[in-house]
Amino acid sequence: LKPACGPLVCFCPLPWGRGALLGAPSAPEGCAMSRLLWIRSESFDHGVFNTSVRWTVPKVQEFLESLQAALPSTFISRETWVEVATQSCKPTLTEIEAVAYWQIFVVLQNAALGQKGSADRLDIRVIGLLMMCQVFCPHRVRTDQYAMSGEMWPGLERASAVSSPRASPRGTSPRGTSPRVGVSAQSSIQRGRDASTAMLAFVRQHFSFFLQVACSSPASEPASVSSEEFDVLGLILCAGTSFSQVLPRLSESVPDFASRTTMPFKDLKRVVDKLLVWNDDMYTSVEHTLGVQATVEPGIPKAINVSGMSKTTWFQRPANGDIDVLNITCCSDCTIYVTGQARFCFISGCHDCTIIVSAVSGLCTIQNCEKVTVHVAAHCFKMDTCIDSSAYVFCHVAPILSGDSRGIKLAPFNVIYSQLENALKNAGMQLETEFVDVWAHPVCCTLGAPDETLGGRSGCLDDSPQNSTYHFVHPDNFQPVVVPEHDGQAMSREAQVPLVLPQVYDDALKTREEEIQAFQRLFAELTDESKRKKAQQAIQGHFREWLQATGKSRQLADLARQAQQEPR
């Protein structure tokens, strides 16, 4: 995949007419298509991650057949899934992998379809569809391989995974050495034309298998498909009369289902092949003018794509806008503030960036990144193949670390922002003490040598070089992050949403505040003007050195420039 040419920031609503339809003819001028089908890219962006199994279509079929044989019905509980997936299914999963898959599948189903289903029960057809998604491997996308069959979409080479514990000690951090292998040496994923075309081609080529899974017949093609079975595919496909007019059920896109409840398998496949397009309005794959926001019609969800930015500071505008799909890809040495709420947040191929996201109601996935720091409150958080990166997280379910993730620092959510409460409310969240330490119990199904994964288990204060998977930010090094605001927008400390921290972090933060207050009192007691001036010069000198050493001087200049350009 070639990197984007220059920075790309896209604010994309979903009106019909602007999107390029990959792999399908364009609609004639003045004529709208009566029906459209497009891929829910979030099912692949967030549902696919690296584990010990290199998934292919035959392996998924074998896995689903053994899963069906072990179950008396089409629904499965969490406990049964873990037991069957680790003992009866072929290929078998480790217990930690089974837990990770379950968490992602439940959250993805609820977030993608807008359902509030049970976290303890899933339709095995949903599991089957998302297991089929695992076959798609964007890391090895090659446009000259579309005609190939068999294992044209192999996963990355995977080593044997070793399970990680369910519990970790709190509040302290090992000083384990971080790996030197850079993610930048791997194939980074971006919302580019090649990636979009590859995903569309993958679904076209393997649609028969997806449809077989929806019909509970993973090994053979059924004679017919019911409208209910076709609707199951709503987890990976979406339908509408246009990109802005979404149909409530997938089967409403097929006229024949209006007069009958079933349809021949081959006929339905032909219909889907004609209707399936790429929604380039929602999942942008072309460049747009930097900073231009398209008009968003009321009630239409919005996508924001930030791509290819370097050495700059970016703010969401408007600051409180709701986002359906947020994509941040291929950025380097940037600071990015997303102050509204998003349903999905996908960060991929970024290097040396700081990213602040107020609230994510569904899934936040960090993939193929190196030396990034992410601050986010999300229902579910996942890091896949990330190196030397930090995550300050509030989440409802245990964060997932997968792939070749190493040198990960974890800490509690630390963002201070005057409108944080509104963003959390719009996302259906609040910072509750019930989930104060969920971030400290990651589901760790990373690849690599057994000693690396075992070393990542402890999460305790240990300078052993074994601890390379993840560790915790030491409380003494924990600092809040303040979102820059105009003087008139900022709130007093008392009016801000209080941080929800484990006791050890809360105590360390209060101790630091007391030290600052003591210093301020000491400085206020200086009555000698010359001494006071010398102290001010020393403080300012050290502050300038700190700005220069940390690279914050550029960010400060960017913020000052943006403040001058904005209307008051």
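Residues numbered from 1 in each chain as written. Predicted model: local features only at pLDDT ≥ 70, side-chain atom pairs only at ≥ 80, totals over all residues. Heavy atoms only, no water.

### With respect to the overall build of the chain
As a reminder of what qualifies: Runs of E in the DSSP output that reach at least two residues are strands. Runs of H or I that reach at least four are helices, and both are numbered from the N terminus. Relative accessibility under 20% of the residue-type maximum defines a buried residue, over 50% an exposed one, and the middle range a partly exposed one, all with a 1.4 Å probe and only protein chains included. Whether two residues are in contact is decided by their heavy atoms: any pair within 4.5 Å suffices. The accessible surface values rely on the Shrake-Rupley method and a 1.4 Å probe; as for residues, cover is taken only from the protein chains in view.
The number of helices and strands found in the chain is 14 helices and 22 strands. Within the chain, the proportion of its 568 residues that are buried is 55%. Pairs at least 24 residues apart make up 64% of the contacts formed inside the chain by residues separated by at least 6 positions. Put simply, the chain shows about 24200 Å² of open surface, and 51% of that area lies on carbon and sulfur atoms.

### A look at the confidence of the model for the chain
Rules: pLDDT is defined as a per-residue confidence score from the predictor, taking values between 0 and 100.
Residues with a pLDDT of 70 or more make up 74% of the chain, whose mean pLDDT is 79. Across the chain, the element-wise mean pLDDT spans from 41 in helix α11 (residues 450-455) up to 97 in strand β16 (residues 390-395). Predicted confidence for residues 142-190 stays below pLDDT 50, and this span has 170 contacts to residues more than four positions away or in other chains. Low pLDDT (under 50) marks residues 286-296, which in the prediction has 25 contacts with non-local residues, meaning those over four places away or in another chain.

### Regarding the pairing of strand β20 (residues 443-446)
Selection rule: In short, DSSP must find at least two bridges between two strands for them to pair.
Across the two faces of β20 the burial is the same, with Val443 and Cys445 and Cys444 and Thr446 all buried. Inspection of the sheet shows strand β17 (residues 400-403) paired to β20 by 4 bridges, in the parallel sense. Pairing of Gly403 across the sheet is with Thr446, part of β20.

### A look at helix α5 (residues 124-133)
Of all 10 residues in α5, 10 are buried, a share of seventy percent or more. Along α5, the residues classified as buried are Ile124, Arg125, Val126, Ile127, Gly128, Leu129, Leu130, Met131, Met132 and Cys133.

### So, the nonpolar core
Test applied: Definition used in this section: a nonpolar core is a set of buried Ala, Val, Leu, Ile, Met, Phe, Trp, Tyr and Cys residues joined via side-chain atoms within 4.5 Å.
Core analysis: the largest hydrophobic core is formed by 90 residues, its most contacted members being Phe44, Leu67, Trp81, Phe230 and Leu233. It is helix α4 (residues 95-113) that contributes the most residues to this core, 13 residues altogether. If we skip the residues at most four places from it in the chain, Phe44 touches Ile39, Cys133, Phe136, Met199, Phe202, Val203 and Phe210. Core analysis: the second largest hydrophobic core is formed by 71 residues, Ile328, Cys350, Val372 and Leu424 among them.

### Digging into the packing of aromatic side chains
Where we set the bar: In this scheme Phe, Tyr and Trp rings, the latter by its six-membered ring, pair at centre separations within 6.5 Å, and the angle between planes marks the pair as stacked below 30 degrees, edge-to-face above 60, and tilted otherwise. By definition, being over a ring means that NZ of Lys or CZ of Arg is both within 6 Å of the ring centre and within 35 degrees of the ring normal.
If you walk through the whole model with that rule in mind, you get 20 aromatic pairs. Joined through ring pairs, the aromatic side chains of Tyr392, Trp439, Tyr470, Phe472, Phe478 and Tyr505 make up one cluster. Sitting over the ring of Phe75, Arg121 keeps its end group 4.0 Å from the ring centre.

### Here's the deal with the pairing of strand β18 (residues 408-412)
Across the 5 residues of β18, 4 count as buried, placing the element largely inside the fold. Strand direction decides the pairing type here: β16 and β18, joined by 4 bridges, are parallel. For Val393, the partnering residue across the bridge sits in β18 and is Pro412. Bridge count for β18 against strand β21 (residues 470-472) is 3 bridges, and the pairing is parallel. When the bridges of β21 are listed, Leu410 appears paired with Phe472.

### With respect to the environment of Gln536
With respect to the helices and strands, the residue Gln536 is situated in helix α13 (residues 529-550). Owing to a relative accessible area of 34%, Gln536 belongs among the partly exposed residues under this scheme. When the C-alpha atoms of Gln536 and Phe523 are compared, they prove to be 9.4 Å apart, with 13 residues separating the residues in sequence.

### So, the packing of α4 against α5
Rules: An axis is simply a line fitted to the C-alpha atoms; with a helix, the fit covers only the stretch in contact. Between two such axes, the angle follows the N-to-C directions and lies from 0 to 180 degrees. Oblique is the label for any angle not covered by the other classes, which are roughly parallel (under 35 degrees), roughly antiparallel (over 145) and roughly perpendicular (65 to 115). For this classification, Asp, Glu, Lys and Arg are treated as charged, while Ala, Val, Leu, Ile, Met, Phe, Trp, Tyr, Cys and Pro are nonpolar and the rest, including Gly, are polar.
One way to put it is that α4 packs onto α5 with a least axis distance of 11 Å and a crossing angle of 105 degrees. Between α4 and α5, the crossing angle belongs to the class labelled roughly perpendicular. When α4 is examined against α5, the residues Tyr101, Trp102, Phe105, Leu108 and Gln109 are found in contact with a partner set consisting of Val126, Ile127, Leu130 and Met131. In the contact of α4 with α5, the residues fall into 8 nonpolar, 1 polar and no charged.

### Some words on the pattern of salt bridges
We apply this condition: Salt bridges are defined as contacts in which a side-chain nitrogen from Lys or Arg sits within 4 Å of a carboxyl oxygen from Asp or Glu.
Counting across every chain of the model gives 12 salt bridges. One salt bridge in this structure joins Asp231 and Arg249, with 2.7 Å as the shortest N-O distance. Note that Asp231 is positioned in helix α8 (residues 227-231) and Arg249 in the loop between β7 (245-246) and β8 (262-264), a separation of 18 residues in sequence. Judged by relative accessible area, which is 39%, Arg249 ranks as partly exposed. For Arg343, the salt bridge is made with Asp324, and the minimal N-O distance between the two is 2.7 Å. Of this pair, Arg343 sits in strand β13 (residues 335-348) while Asp324 sits in strand β12 (residues 323-329), and the two are 19 residues apart along the sequence. Taken together, the shared-partner salt bridges connect Asp123, Arg125 and Glu228 into one network.

### A word on the sheet that holds β7
Pairing is mixed in the open sheet, where 4 strands are placed in the order β7-β6-β2-β9. The two strands at the open ends of the sheet, each matched to only one other strand, are β7 and β9 (276-277). Where strand β2 (residues 36-39) and strand β6 (residues 237-242) come together, 4 bridges link them in antiparallel fashion. Directly across from Trp38, in β6, lies its bridge partner Cys238.

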